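Each chain, written out:
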Amino acid sequence: DAMVIQNPRYQVTQFGKPVTLSCSQTLNHNVMYWYQQKSSQAPKLLFHYYDKDFNNEADTPDNFQSRRPNTSFCFLDIRSPGLGDAAMYLCATSRKKFADTQYFGPGTRLTVL
Amino acid sequence: SQKIEQNSEALNIQEGKTATLTCNYTNYSPAYLQWYRQDPGRGPVFLLLIRENEKEKRKERLKVTFDTTLKQSLFHITASQPADSATYLCALDDSGGGADGLTFGKGTHLIIQP
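Figured I'd write up the structure that's included with this text.

### Structural notes on the sheet that holds strand β6 (residues 56–59) of chain B
Residues and elements named next belong to chain B.
Argument step 1. Overall, antiparallel pairing links the five strands, which are arranged β1-β3-β8-β7-β6 in an open sheet. Both outer strands of the open sheet, β1 (3–6) and β6, are each paired with one neighbouring strand and no more. Strand-to-strand twist of the sheet, defined as the mean angle between neighbouring strand axes without regard to direction, takes the value 15°.
Argument step 2. Pairing analysis gives six bridges linking strand β7 (residues 62–67) to strand β8 (residues 72–77), with the strands arranged antiparallel. Opposite Lys 63, over in β8, you have His 76 as the bridge partner.

### Observations regarding the packing of aromatic side chains
Argument step 1. Inspection of every chain in the model, using the stated rule, returns 15 aromatic pairs over all chains.
Argument step 2. Cluster of aromatic residues (ring-pair linked, three or more members): Tyr 33, Tyr 35 and Phe 104 of chain A together with Tyr 36, Phe 46 and Phe 104 of chain B.
Argument step 3. The lysine or arginine in question, Lys 97 of chain A, covers the ring of Tyr 50 of chain A, its NZ or CZ lying 5.4 Å from the ring centre.

### Quick notes on the state of the cysteines
Residues and elements named next belong to chain B.
Argument step 1. Here the structure, examined in full by the defined rule, presents two disulfides over all chains.
Argument step 2. Each sulfur in the disulfide pair Cys 23 and Cys 90 lies 2.0 Å from the other. Across the S-S bond linking Cys 23 and Cys 90, the dihedral sits near -55°, which makes this disulfide left-handed. With a gap of 67 residues between them, Cys 23 in strand β3 (residues 19–26) and Cys 90 in strand β9 (residues 86–93) connect regions that are remote in the sequence.

### What to know about the interface of chain A and chain B
Argument step 1. Across the contact, 22 residues belong to chain A and 22 residues belong to chain B.
Argument step 2. Contact between chain A and chain B buries roughly 1700 Å² in total, counting both sides, with carbon and sulfur atoms accounting for 56%.
Argument step 3. Three residues, Phe 98, Ala 99 and Phe 104 of chain A, lead the burial of chain A against chain B; their summed loss comes to 27% of the area buried on that side.
Argument step 4. Only β4 (31–37), β5 (44–50) and β9 (87–94) of chain A provide two or more residues apiece to the side of chain A that touches chain B.
Argument step 5. Top contributing element to the side of chain A that touches chain B by residue count: β4 of chain A, with three residues.

### Here we look at unusual backbone geometry
Argument step 1. Cis geometry is adopted by the peptide bond preceding Pro 8 of chain A, which originates at Asn 7 of chain A and carries an omega value of -10°.
Argument step 2. Note that Pro 8 of chain A resides in the loop between β1 (4–7) and β2 (10–13).
Argument step 3. The phi torsion at Lys 71 of chain B lies on the positive side, around 60°, for a residue other than glycine.
Argument step 4. Here Lys 71 of chain B lies in the loop between β7 and β8.
Argument step 5. Positive phi outside glycine occurs at Ala 79 of chain B, with the angle close to 45°.
Argument step 6. With respect to the helices and strands, the residue Ala 79 of chain B is situated in the loop between β8 and β9.
Argument step 7. Taking relative accessible area as the criterion, Ala 79 of chain B reaches 40% and is therefore assigned partly exposed.

### Notes on the side chain of Asp 100 of chain A
Argument step 1. Inspection of the secondary structure puts Asp 100 of chain A in the loop between β9 and β10 (103–104).
Argument step 2. Of the side chains bearing the opposite charge, Arg 95 of chain A lies closest to the buried Asp 100 of chain A, which forms no salt bridge; the N-O distance is 4.4 Å.
Argument step 3. Within the structure, Asp 100 of chain A has its side chain in polar contact with the backbone nitrogen of Arg 95 of chain A (distance 3.2 Å).
Argument step 4. Polar side-chain contacts of Asp 100 of chain A include one of 2.9 Å to the backbone nitrogen of Lys 96 of chain A.
Argument step 5. Apart from the residues lying within four places of it in its own chain, the contact partners of Asp 100 of chain A are Ser 94 and Arg 95 of chain A together with Tyr 32, Gln 34 and Leu 49 of chain B.

Rules behind the numbers
- Residues numbered from 1 in each chain as written.
- Chains lettered and ligands numbered in written order.
- Predicted model: local features only at pLDDT ≥ 70, side-chain atom pairs only at ≥ 80, totals over all residues.
- Heavy atoms only, no water.
- Pairing = 2+ DSSP bridges.
- Helix = DSSP H or I, 4+ residues; strand = E, 2+ residues; numbered from the N terminus.
- Axes fitted to C-alpha atoms, helices over the stretch in contact; angles between N-to-C directions.
- Phe/Tyr/Trp six-rings, centres within 6.5 Å; stacked < 30°, edge-to-face > 60°.
- Lys NZ or Arg CZ within 6 Å of the ring centre and 35° of its normal.
- Disulfide = S-S within 2.5 Å.
- Contact = heavy atoms within 4.5 Å.
- Buried area = accessible area lost by both parts, 1.4 Å probe.
- Buried < 20%, exposed > 50% of the residue type's maximum accessible area, 1.4 Å probe, protein only.
- Lys, Arg positive; Asp, Glu negative; His and termini not counted.
- Salt bridge = Lys/Arg side-chain N within 4 Å of Asp/Glu carboxyl O.
- Polar contact = N/O pair within 3.5 Å; in protein donor to acceptor, adjacent residues only side chain to side chain.

Everything listed here is a matter of geometry and, on its own, says nothing about what the molecule does.
Here it is as structure tokens:
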């Protein structure tokens, strides 16, 4: 029944050590999003894909990259994690870009040591 | 600058009463607004979407209003239950209809006391 799956649920990395978070979906949705959510804060959009078209938010640090090799999978790469990158990372999908429900995964909690 | 404000960090309501949560925004002209529920350590779950030309939307015990003049949405849970305890997030499209994702408020933590 799982529709948006994120792996791993918990990730621990060291300062500066690259890390990749993964997201997969069984909904066949066109749009996939990555959000960062820090404790008691709002989810913040990092970037999204509409099919293969990548859209980066203006204030997303260059340290964050994303790949979408096919419709079902999307990856978030953090090239050199800093302590400030510790957060919950949420993947979401929607069928359309506009006025549509977003379906979220359970999130990956990233800890940076 | 654009801002979304949701009322108070925690709202305590007695079971059976109506809980009313507020979302105010400035410097936006959203075409639609959404409400999500988020439980601790989980991703948000969609509840309701309301468009700018709709005044009110209902779904079971939930009701949302959208006043584009006041730049405010109200979210009501009637006959509240302890299971309704969660954080409720308001979200707006932030692209004037171009649709590049949602901007979320910080959320209101709702506690329903038995």
